[in-house]
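# Results of the structural survey
Spelled out, the chains give:
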Amino acid sequence: MEGRQPAACSAINANVSDAELLERFVSRRDEGAFAALMLRHSSMVFGVCRRILHHAQDAEDAFQATFLILVRKAADIGQRELLGNWLYGVAVRVATRARLTAARRRTLETADTRRIAESLPHPSETADFAATIEEEVQRLPAKYRGPVVLCYLEGRTNEDAAGELRWPVGTVKGRLARARELLRKRLIRRGLVLSAGAMITALSPEALAAMLPPGLFDSTLKAATAFAAGDAATGGLASAQAVALMKGVLHTMFATKMKTMAALLLALAVLVGGAGAFDYHTLAREADAKKSDKEKIQGEWKVESAKVNGEESQGAEGDRIKGATWTIAAEKITVTFNGEDRVATYKLDPAAKPKAIDVMTEKEGTFKGIYKLEGDTLTICATLGQEDGERPTEFVSKEGSSTMLFVLKRKK
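Residues numbered from 1 in each chain as written. Predicted model: local features only at pLDDT ≥ 70, side-chain atom pairs only at ≥ 80, totals over all residues. Heavy atoms only, no water.

### What about the pattern of salt bridges?
Going by this rule: By definition, a salt bridge exists where a carboxyl oxygen of Asp or Glu is found within 4 Å of a side-chain nitrogen of Lys or Arg. Three labels apply to residues, based on accessible area from a 1.4 Å probe with only protein chains included: buried if under 20% of the type maximum, exposed if over 50%, partly exposed otherwise in between. Each helix corresponds to a stretch of at least 4 residues labelled H or I by DSSP, and each strand to a stretch of at least 2 residues labelled E; elements are numbered beginning at the N terminus.
Throughout the structure, instances matching the rule amount to 16 salt bridges. Across the salt bridge formed by Arg156 and Glu164, the nearest N and O atoms sit 2.9 Å from each other. The same class applies to Arg156 and to Glu164, which are both buried. Residue Glu312 is joined to Lys322 by a salt bridge in which the shortest nitrogen-to-oxygen separation is 3.5 Å. Pair noted here: Glu312 is in strand 2 (residues 311-312) and Lys322 is in helix 15 (residues 315-322), with a separation of 10 residues, a long-range link.

### Things to note about the pairing of strand 1 (residues 299-308)
Put simply, the test is: A strand pair is defined by DSSP finding two or more bridges across the two strands.
Inspection of the sheet shows strand 1 paired to strand 3 (residues 325-328) by four bridges, in the antiparallel sense. Within the sheet, the bridge partner assigned to Trp301 lies in strand 3 and is Trp326. Note that strand 1 and strand 9 (residues 403-410) share seven bridges and pair antiparallel. The partner of Val303 across the bridge, within strand 9, is Leu408. With two bridges connecting them, strand 1 and strand 2 associate as antiparallel partners. When the sheet's bridge partners are listed, Lys307 is paired in strand 2 with Glu312. The hairpin formed by strand 1 and strand 2 contains two residues between the paired strands, and Asn309 there has a positive phi angle of roughly 55°.

Laid out in C-alpha cells, this is it:
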C-alpha cells in the first residue's frame, strides 16, 4: 500500500465486519465501504497475483480484474463473512487465466517457442518457495483456507478472524492447526520439510508480502466506482487487459454456475425419475405377483433351447424347433413353424410340486409335464406323448428318459 488511507473509507470503523461492509456496498453502493474492503484485502490479492504472475504489469491487471469482479458479483456472495476466502479464490482464478493468456501472447510474438517454453514456469514447477506455498494453500478445503487467508496471509489475529467468520476462537485455532498439518504433509510430499514454527513464518504476510505499486489502489477504486455506476468500460481507469480478464473470468464463473445447476437438475431428474421408475417397477412387480400362473403364462414366447432325450436339438430339425413361436392364450397353445400352426390345449396345476402342465394334442396325445415361470423365462419338461408315462420330477432331459426340455423366453 502507499502508506495512506483513502478519505472515502476513513470513517469506517475497523471493527465493522466484511459482511457488513459488503452489505452496505450491495444495498447503497457505498464507495467508502468498498474502499474499506479493498484496504483490508488488497495486499493479499496483489500478493497472490504477483506470486502466480512473474510479470509486474500482468499482476496489476489481475489485481484490477479481481476487484472489478467483486463489484459485479458482490450481491451473489453467499457467505459474506468469508469474503477474504472468496477474493483469494477469484484472485487465483484471474491470475491463472492471465498467466495462460500471457503465455499464448508471448508465443505468438516470437518464433523461438522453445525459449518461451523454457522461460515460463510449468504449472507443476514453482519458481520459489512462496509459489509452492501458494499452490498448496489453493488446494485447502474452504473451511481451512478461510482462516489461513485471514490469519496468515492478511496477518489478522485469531480473535479478529473468529469475529469475522462468526466462529468460536477455538474453532479458528483448531482449523488453523489442521491446515498447517495438511500443508506440512503436502509439502513433505513435494520434498520440503518444515517445522511448525517455520510453517507459520512461511505463511506470514511478511514472507508472502508484495508491495502494491503507487497509484494502483486509487485507479482500481475509481475504476470499480465507475463500473458500479454502470460504466462497462470502467471510465478508462482500468487497463484493457484487466477488463478482458474480468469478462473472461465472469463468463467462466457463469458457465461453471450453469454447469453446476445443470448437474443438480440432472441429479434431481435422475432422483425423481429413478424414484418414479422404482415405484413403477415396484408396482409392476407387485401387480405381477398377484397374477395367477394362467395369466402370467399368456403371451408370445421364443424357444431359447430344446433337448430331447438329453440331446440338444441340432440341424434342420433343431433350427425348425428353435425358430418356432409359441403363442399361449387362456385355453390353448399355438406353435408356429415356418408359417404352419399346430394347436393344442393345455391345463395347469400350479398347486402341484413341481407345478404341473398337461398339453393335449389330437395326433400325439397328452404330454405330461412340469413347468416353472421365472420372470420372462418359461421352462417346461414333459414326456414324449406317453399317456401312461410318469410325469417328470425335475427340469432335466436325460438320455433314454423319453422327455423333452424347453426353455422359452418371452418376446418383448
